[in-house]
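Report on the structure
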Amino acid sequence: MKVIPGTAIDKTKHLPPKLRSIVEKTGPQGMKHPPIHFWTLTMDPEMLPKSRITLLGDAAHCMPSFRGEGGFHALLDALKLGKALARLRTNDTQVIKKVLGDYQDEMIERGSKASAWSSIALDEPWSGANAGPSIVWGLPVVHLPEEKVTL
Ligand SMILES: Cc1cc2nc3c(=O)[nH]c(=O)nc-3n(C[C@H](O)[C@H](O)[C@H](O)COP(=O)(O)OP(=O)(O)OC[C@H]3O[C@@H](n4cnc5c(N)ncnc54)[C@H](O)[C@@H]3O)c2cc1C
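Attention in this report is confined to the structure presented alongside it. All values reported here derive from a predicted model rather than from experimental measurement.

Criteria and thresholds
- Residues numbered from 1 in each chain as written.
- Predicted model: local features only at pLDDT ≥ 70, side-chain atom pairs only at ≥ 80, totals over all residues.
- Heavy atoms only, no water.
- Salt bridge = Lys/Arg side-chain N within 4 Å of Asp/Glu carboxyl O.
- Buried < 20%, exposed > 50% of the residue type's maximum accessible area, 1.4 Å probe, protein only.
- Helix = DSSP H or I, 4+ residues; strand = E, 2+ residues; numbered from the N terminus.
- Near = heavy atom within 4 Å.
- Polar contact = N/O pair within 3.5 Å; in protein donor to acceptor, adjacent residues only side chain to side chain.
- Areas by Shrake-Rupley, 256 points an atom, 1.4 Å probe, with all protein chains shown as cover.
- Nonpolar A, V, L, I, M, F, W, Y, C, P; charged D, E, K, R; others polar.

Overview of the pattern of salt bridges
- For the coordinates displayed, the defined rule picks out nine salt bridges.
- Residues K13 and D10 are paired through a salt bridge, measuring 2.6 Å at the closest nitrogen-oxygen approach.
- The exposed category is assigned to K13, whose relative accessible area is 53%.
- Across the pair D77 and R110 runs a salt bridge, and its minimum N-O distance is 2.8 Å. Note that D77 is positioned in helix α4 (residues 70–87) and R110 in helix α5 (residues 93–119), a separation of 33 residues in sequence.
- Classification of D77 by relative accessible area gives buried; the value is 0%.

Section: the site of the ligand
- Near the ligand, the surroundings consist of I36, G57, D58, S65, G68, E69, G70, G71, F72 and A74.
- At a separation of 3.3 Å, an oxygen atom of the ligand approaches a polar backbone atom of G70.
- The backbone of G71 places a nitrogen or oxygen atom 2.9 Å from a nitrogen atom of the ligand.
- For the ligand, the accessible surface in isolation is 1000 Å², of which the surrounding protein chains cover 30%.
- At four residues, α4 tops the list of elements feeding residues into the shell around the ligand.
- In the shell around the ligand, the residues fall into three nonpolar, five polar and two charged.

Set out below in structure tokens:
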């Protein structure tokens, strides 16, 4: 088969066959047009007002999926926000703003860092042999044993 430079087949030719097969089976006719558009949102914590309303997940730090971290951070945000809300024992707006503000500061800093890293994940020197460690749930990503999945 003639491989056209710059195509998905060309860009994945160095991968093991089991990872390439999905690209080969899709073919040009199976490709989505227009392609999925990835957004990167980074913020400084002070850019988001502190109030009784806050954000979590992609609304606060959407990122390209190249490090597979967006959903992880959305879940972490939800757990942290849930814990913060469970600690609240008052209707005092100032206390609520402080508790949500502390949550928000950590969430924005962590999420924006992940967004920035994800946006350059495919750029040299961040990909391939020079890629930094992928950390999920605070642990380095490791290979899982082979598993047969039947759909
Ligand atoms: C191709 C791809 C691969 C990915 N792979 C990974 C991965 O391997 N690991 C990982 O951790 N993350 C991955 N992600 C990222 C992950 O999917 C997102 O970060 C995560 O879904 C964000 O969750 P969320 O709840 O913040 O937002 P969303 O999941 O986008 O949920 C927002 C919801 O709000 C709804 N909505 C929007 N507007 C309105 C409205 N006006 N009224 C009511 N409802 C509304 C939407 O329909 C949607 O259901 C991937 C993303 C993509 C696109």
